[in-house]
Structures are given as structure tokens and as C-alpha cells.
Amino acid sequence: MSTAPADSHDVIQVRGARENNLKNVSVDLPKRRLCVFTGVSGSGKSSLVFGTIAAESRRLINETYTAFLQSFMPSSGRPDVDRLENLSAAIVLDQERMGANARSTVGTATDAYAMLRIVFSRLGTPHVGGAGAFSFNLPDGMCPRCEGMGQVSDIDVDRLVDRDRSLNEGAITVPNFAVDSWYWQVMAHSGFLDPDKRLADYTEQEWEDFLHRPATKVKTGSQTLTYEGLVVKVRRLFLAKDRESMQAHIRAFVDRAVVFTDCPDCGGSRLNAAALSSRIDGLSIADCSAMQISDLAAFVRRIGDPSVAPLLQNLRALLDSLVEIGLGYLSLDRPSGTLSGGEAQRVKMVRHLGSSLTDVTYVFDEPTVGLHPHDIQRMNELLLRLRDKGNTVLVVEHKPEVIAIADHVVDLGPGAGTAGGEVQYSGDVAGLRASDTLTGRHLSHRVALKETVRAPTGRISIEGASRHNLRDVSVDIPTGVLTVVTGVAGSGKSSLIHGHLPGREGVVVADQSPIRGSRRSNPATYTGLLGPIRTAFAKANGVKAALFSANSEGACPRCNGIGLVYTDLAMMAGVASVCEGCEGRRYTPEVLTHKLRGKDISEVLAMPVDEAYSFFPSGAPHTLLGRLQDVGLGYLRLGQPLNTLSGGERQRLKLAVHMAEKGATYVLDEPTTGLHLADVDQLLALLDRLVDAGNTVVVIEHHQAVMAHADWLVDLGPGGGHDGGRVVFTGTPAELVEKGDTLTAQHLRRYVDGPR
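The shown structure was predicted, so the numbers you read here are calculated from the model rather than taken from an experiment.

Engineer: Go over the overall build of the protein with me, naming the residues and quoting the values.
Structural biologist: Along the protein, the regular secondary structure elements total 29 helices and 23 strands. The buried share of the protein, taken over its 756 residues, is 52%. Taking all contacts inside the protein whose residues are at least 6 apart in sequence as the whole, residues at least 24 apart take part in 66%. For the protein, the computed accessible surface area is about 33,100 Å², with 50% contributed by carbon and sulfur atoms.

Engineer: Please provide a residue-by-residue account of the environment of A90, values included.
Structural biologist: Note that A90 resides in strand β5 (residues 90-93). A sequence separation of 123 residues divides A90 from R213, and the C-alpha atoms of the two residues are 59 Å apart. Not counting chain neighbours up to four residues away, the residues in contact with A90 comprise A54, S57, I61, T361 and V363.

Engineer: Can you lay out the side chain of S435 for me, pointing to particular residues and giving the numbers?
Structural biologist: Residue placement: S435 occurs in the loop between α16 (429-434) and α17 (438-442). Exposure remark for S435: the relative accessible area of 15% places this residue in the buried category. In this structure S435 touches Y425, G440 and R441, once residues within four positions along its chain are discounted.

Engineer: How would you explain the sheet that holds strand β21 (residues 696-700) if you had to name every residue and give the values?
Structural biologist: On the basis of which strands lie adjacent, the open sheet formed by six strands has the order β17-β20-β21-β16-β22-β23 and mixed pairing. Two strands bound the open sheet, and with one partner strand each, they are β17 (507-510) and β23 (726-731). For this sheet, the mean angle separating the axes of adjacent strands, direction not counted, is 20°. Judged from the five bridges that link them, strand β20 (residues 665-669) and β21 form a sheet pairing that is parallel. By the bridge assignment, Y666 is partnered in β21 with V697. Against the sheet, helix α18 (residues 493-500) engages β16 (482-487), β17, β20, β21 and β22 (712-717), with an angle of about 145° to β21.

Engineer: How would you explain the pattern of salt bridges if you had to name every residue and give the values?
Structural biologist: Oppositely charged side chains may form a pair once their charged atoms are brought near each other. Applying the stated criterion across every chain yields a total of 39 salt bridges. Between D209 and R213 there is a salt bridge, and its shortest N-O distance comes to 2.9 Å. Taken together, the salt bridges that share partners define one network made up of K450, R454, D688, D692 and D711.

Engineer: Tell me about the sheet that holds strand β13 (residues 422-427), and name the residues and values.
Structural biologist: The mixed open sheet is built from six strands, whose spatial order is β5-β10-β11-β3-β12-β13. Two strands in the sheet have a free side with no partner beyond their single neighbour: β5 and β13. Pairs of neighbouring strands in the sheet enclose a mean axial angle of 15°, with direction left out of account. Where strand β10 (residues 361-365) lies against strand β11 (residues 392-396), five bridges are found, and the strand directions are parallel. Opposite V363, over in β11, you have L394 as the bridge partner. Helix α1 (residues 45-62) rests against β3 (34-38), β5, β10, β11 and β12 (408-413) of the sheet, and its axis sits at about 135° to β5. Against the sheet, helix α13 (residues 341-353) engages β5 and β10, with an angle of about 150° to β5.

Engineer: Quick one: what's the story with the packing of aromatic side chains, residue by residue and with numbers?
Structural biologist: Applying the stated criterion to the full structure yields 11 aromatic pairs. When the ring of F120 is compared with that of F134, the centres are 5.9 Å apart and the planes differ by 55°; the resulting orientation is tilted. Here F120 is found in helix α4 (residues 112-123), whereas its partner F134 is found in the loop between α4 and β6 (151-155), with 14 residues between them in sequence. By relative accessible area, which is 1% here, F120 ends up buried. Ring plane angle 90° and centroid distance 5.7 Å describe the contact between Y202 and F210, whose orientation is recorded as edge-to-face. Feature note: the residues Y202, W207 and F210 constitute an aromatic cluster, connected by ring pairs. In this structure, R270 packs its charged tip against the face of F136, placed 4.8 Å from the ring centre.

Engineer: Explain the packing of helix α6 (residues 204-212) against helix α7 (residues 230-239) to me, using residue names and the numbers behind them.
Structural biologist: Close contact between α6 and α7 brings their axes to 4 Å; oriented N to C, the two are set at 10°. The orientation of α6 relative to α7 falls into the category roughly parallel. Within the contact between the two elements, α6 uses F210, L211 and H212 and α7 uses L230, V231 and V232.

Engineer: How would you summarise the packing of α7 against helix α8 (residues 248-257) if you had to cite specific residues and measurements?
Structural biologist: Taken N-terminus to C-terminus, the directions of α7 and α8 make an angle of 130°; their axes are 11 Å apart at the nearest point. Put simply, α7 runs oblique to α8. Considering the relative orientation of α7 and α8, their crossing is left-handed. Note on element contacts: α8 touches α7 through I250, F253 and V254, opposite V234, F238 and L239. Taken together, the residues of the contact of α7 with α8 break down into six nonpolar, no polar and no charged.

Criteria and cut-off values
- Residues numbered from 1 in each chain as written.
- Predicted model: local features only at pLDDT ≥ 70, side-chain atom pairs only at ≥ 80, totals over all residues.
- Heavy atoms only, no water.
- Helix = DSSP H or I, 4+ residues; strand = E, 2+ residues; numbered from the N terminus.
- Buried < 20%, exposed > 50% of the residue type's maximum accessible area, 1.4 Å probe, protein only.
- Contact = heavy atoms within 4.5 Å.
- Areas by Shrake-Rupley, 256 points an atom, 1.4 Å probe, with all protein chains shown as cover.
- Pairing = 2+ DSSP bridges.
- Axes fitted to C-alpha atoms, helices over the stretch in contact; angles between N-to-C directions.
- Salt bridge = Lys/Arg side-chain N within 4 Å of Asp/Glu carboxyl O.
- Phe/Tyr/Trp six-rings, centres within 6.5 Å; stacked < 30°, edge-to-face > 60°.
- Lys NZ or Arg CZ within 6 Å of the ring centre and 35° of its normal.
- Parallel < 35°, antiparallel > 145°, perpendicular 65-115°, else oblique.
- Left-handed = near helix turned anticlockwise from the far one by under 90°.
- Nonpolar A, V, L, I, M, F, W, Y, C, P; charged D, E, K, R; others polar.

This is the structure in C-alpha cells:
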């Protein structure tokens, strides 16, 4: 029997990929297989998988639409690659946080809530109309008081004033209301208040006038002014504005002064009284949304009405998938914006597990982020299930447990940045183990338990913690040592640490959240490195430092110092092209004539940190660059836009900025994200240096190498959601391995006893 020509397209052929740091990469990837991409952080994995293969697949699909429709789609240029053959439609499941829109919840994002609304509109008693009557995003169903947000904002008056002072003594602590300022004068001279009277002594009427009096015309001398109460004015001046457009100090004030409380009318459920009155088996739709998904799945299974049987079947399958993927501890009313990157990726994954599509390319970015070793096994099963349905699964990953199940591995390297971008190995896992690549050598590498652990210098106490699923947890975090907080997904680690340590004196949090800043922001601007570099250029050339800023005088006038020109093609998708004026260098030709040791400013900003470290042999730049090397970012270019950094890179950049602060408590959230097995050793050495310099380091982490290296462990569990929220072990890693019976203990024991 002859094979049809169609059967010959069984590999994706990449030829001559040069995106970012890729050096003319050519590789064949088997289709309908699980292919894992490995290599140190910055070696080019994402450039190959996301920047080349997925980007071109998306671009080609977009090109099948009319020019009119394309104009509404995000524009993307063609990746720098000679040829890509046999691509199939790519679905990218990345760790981008889900939109922080306050109206988006786990229920709305997965369609589970939409299905639940239909079930309630058919079976709920009393009957209250169609499915729209149960939607908090439609006028039919939303609570009128909070407009479906579930929360109302209130102003904490004690964040606006000091009641022990008079107006003349500066009682108002709101920005721009200092004594003698214009706003202050209007209040003090209004005639309603005695400027010398302490606020604490105000009569009820004075207090009402001071805080809540609506806009009133007041005559003072020859002037007519408009007086309004302080709360009224603060609402108008600050709360009506978009938070993102505020100056940093105003934003900080608003975040302090405005408190959000559950709406008193709907109790935080977002729905109106009619929607809340309709029940199935005694439960309202809000009760169902607030339930843990694993409990809701059991409740839905008990509903057996034939009139909605097909819908119930779909809803059950969806809820079961969420449980199976390890998200059974969430509830449908959980706001999407509060999910971690790993949780967001898994919620997106659920949409595809039940899909009948086949021959699709699924692209994952470290799907094990935020997963305990216990949960990684389940994730592996899901990846294999997607493959077995006839799909091509491409995974960027560092964990040996995931690499072990791959059909095919592509290892990039040998180093990061300019030292990477080449294929080191392409083949099966056995071949990778035998190869002399960095990844091959580290696959069975284990970090041993410490012979002796450090003694704590004191403790930070957390008492009665009950945020989210925590059950009145009291625990001491030892100071002066390396503490690792661990436990399965949803066990309460973040709630315990992020809910109770930040805000205390000397606590520095370095997490993976996006760094505020535009496409102009880069490591040099973010770390403050650009200042001393500009000063060095100004000194060497006898000109002013402002010339060397691409955001002010030295900027190329054609692209305003961005290096790219964005062209709107009206009915076609807009394009970004390199500015012809400065050829992407961002500065005017005059600025580029000024050199420092033979290099112009754009050449210095194009240097990787490692090269710049040698170029600036002393002073502030040398120290700062050394810190960037310490956190494993030696390969980043000084001028690389921050929005191109991964979550792990952003966290390490924040850590580098904070490292100068002595005697601090550092809180790190999964710092091994994006790190190759070989880089984890470097991270452990850095954590040791921080502790040895007199700091306290608290790490939320699942990586067994970090657990094994800790001085002290706090293990939460025993499970996730309402099966978690308790401290199930505190002690040294050796004690956990010797006598612990938690899930963490089982996996750490296996890790420590594993291949050497």
C-alpha cells in the first residue's frame, strides 16, 4: 500500500532561525509527539518556541482573515527565519496573568458560571427569569448598590487627618493639602471651621461640614470660593481618576486611604436580591460560586433533571477537569486577577482538555510553575493526554520530572544571551542523559542535605492568620537563616507569607509581578545604572548628562528615542519598523559622536551585563553590575526592554536592586522559576551569601534542591483549599526526611535518596 503525500509532513522543519539570540538554528521537531525544550535561562528556548514557531503560526492564521479584520488584531512582524515548514495551528498557553478586570472570575473565564446560570434559570425556585437574571455583569442580575462588583469603596477618615491637631497645625494629611496651600486656605477660611480647634473637639455639625458638606459657594473678603467637605473633595480629586495615571505618591495615598469592604446589600455576592432568592436544594447561585470547586462538582452530580441533562454533563466534565488539573481548591467566584501565573496557565489549559480538535500544536511555558512535586505528576498526565489525542505538544521546561516523559528533547545553549542560541542536542531523553551537555550532566544532579544548619538569631511571629483558607495559623519564622515555606498548590503558602510579612519594617518582597514601566524601561533605567553611566559619558566628553538620555535631549527626533517607528496602516495591521533616522540606536548622530573608552552610549546599552562589568572596572556601575551577575542575569543586555523579561527574570532583577539593603528580611516567591538545574546551584549560593551577610531569607518554593538546602522548613497542607491551611511540619530538612509523613516529606525523601 503506497503512503499518501499528506503523510510525509510529520516533522516541523525550522531552518535558519535568528530571532533574538538564535544563531541560524535549524532543527526538526516530530509532530504528534511531546517535545521538551531545555537550556539555561536566556539560552533561546522562548525565542525558538514562542518567538519563531508559535509567532509564525499565529501570523499565518491571521493572514487568512480579510485586511479589515486584521486591522483589529495585534500586529506581528514575520519572525527572522529562513523557512518554517509543516506548521499547524498553534495554541499558546503561557503564564501571562489573566486580565485583572474586576468583573472576571474563575467562573466567567472558564464558562462554568455561564452554564450554572442556565441551570439556575431552569431549575431554581422561585423562578426568576432567564440566565441573564443571574449575571452580575448584566443590569438584570447585578446588585444595584455595588453594580456587580461585590465590593464598595469607603474612605478611611483616619488616613486623611490627624484628629489630635487643628487645621493650623496641619491636621490634614492628604497630599497637596499642606498648611497654606490653596486647598487648605479654602477650608480654613470658609467660616465653617475654627482653624485653631483640634479636630477631636469638633461638634457633630462641624465634623459633618468638615468631611461631607457638598459644594457650597462661600464669600471671603472680595472673593467667592467653592467649599466642599474633605471626603467629597478627595473623592473628586483622586477617586474619579484612573489609578494607573496617578503619580506614585498619590497612588500610594489612595491605596492607603480607600478601603474596600463587602457590599452591605449583597454581602459580596455581586447579585441582586431576586437572583439570590432562587435556590436549588437550598443553595443559591452565590453559594455555589463560593464553594470549593471540588465540592461544587459533587453538588452538581446530585442534580439529575433530564431537561438540562446535556448541559449538566458539560458542566460536570468542566468541573472535573478543574479538579483533575489540581485547581479543585479554587472557587468560581475567585477574581481572575488574583491567580498566580501557574494557576492562570492551568485554567487556560482546561478549555482545551475537552476539545475535539486534533492535530493542533499546543505550546506551554513552564507548566510546572507553582506546582509541588506531587502535583507535577498530574500535570504530566495531562500533557500526555493532549499528545495522545493527536496533537503536537511543545513545552519549555527545566524540571527533570517533565523532561523524563518527553518523546523528543531540544537542548539550547551552551550559555545564555550572546553565548547561547545554538542547538546542543536534539533527540530522545536517553541520548540527552548520555550527552555531555550541561542539561545532560545535571539531569540526575542532587543537592544534598546540609551537614549543619544555621542557628536562628530571633524570630518573626505570625499569629492567628486566617486569610483565605488559613485556619488560625500561628507560626514563628526564624531570623538570620534560610527558611523555605512549602506545600501543595493551594495549601496557603502565599496567603501566609504575602498576607503577613510585607509591610513589616525591613521586609523586602521580590516577586514575579510585572514591573511598571513602558517599552522605554530596561535594566539600566530600572536599576538606576543609567545615571552613573550618563555621568561617566558627560565627564569624559565635557557635555551635559541629559544628552545621554533617550527620553530627553539626546533622543532621536524621528522615533522619540524608542528606536522603532509604529506605522498605522489604517485598514491593515499596523507595523513596527526600525527607525531609519537612528537605525534603532535611539540617539541623535551628535550624541553618538561622544565616546567613552571607544564606545558610544548605544553600544554600551547593547552590552550584556557580563561585558559591561569588565567595561566599568570600578565605581557605582561596577557594583550594580556585580549584583546583576550575582542573581544570574549576566546575559541580559543593559538596554533590553523590560517587557521582554520572563517572570523569573523580573524577580531576580528586583532582588538585585534590593540587595544593597542590610539587615533586611527578603521574601522570594519561587525564585527558581525559569532557572536551569545548573543555575539553581548559583541561586542557592546567592541565598547563602544574603543570609551570611546578616539577612533573613524566606522563600516560597517547591523545588526540592531549595528545600534540601534550607536551614528551616515550614510545610503547609495537608492538601489544597479547605483540605489545607494548616502548618503540618516545622523543622530542619533532615528532620522532615527522617520522620515527616507529609506529601512534601515523601517527595523530599525520594529526592535525597535518588540517583547521585
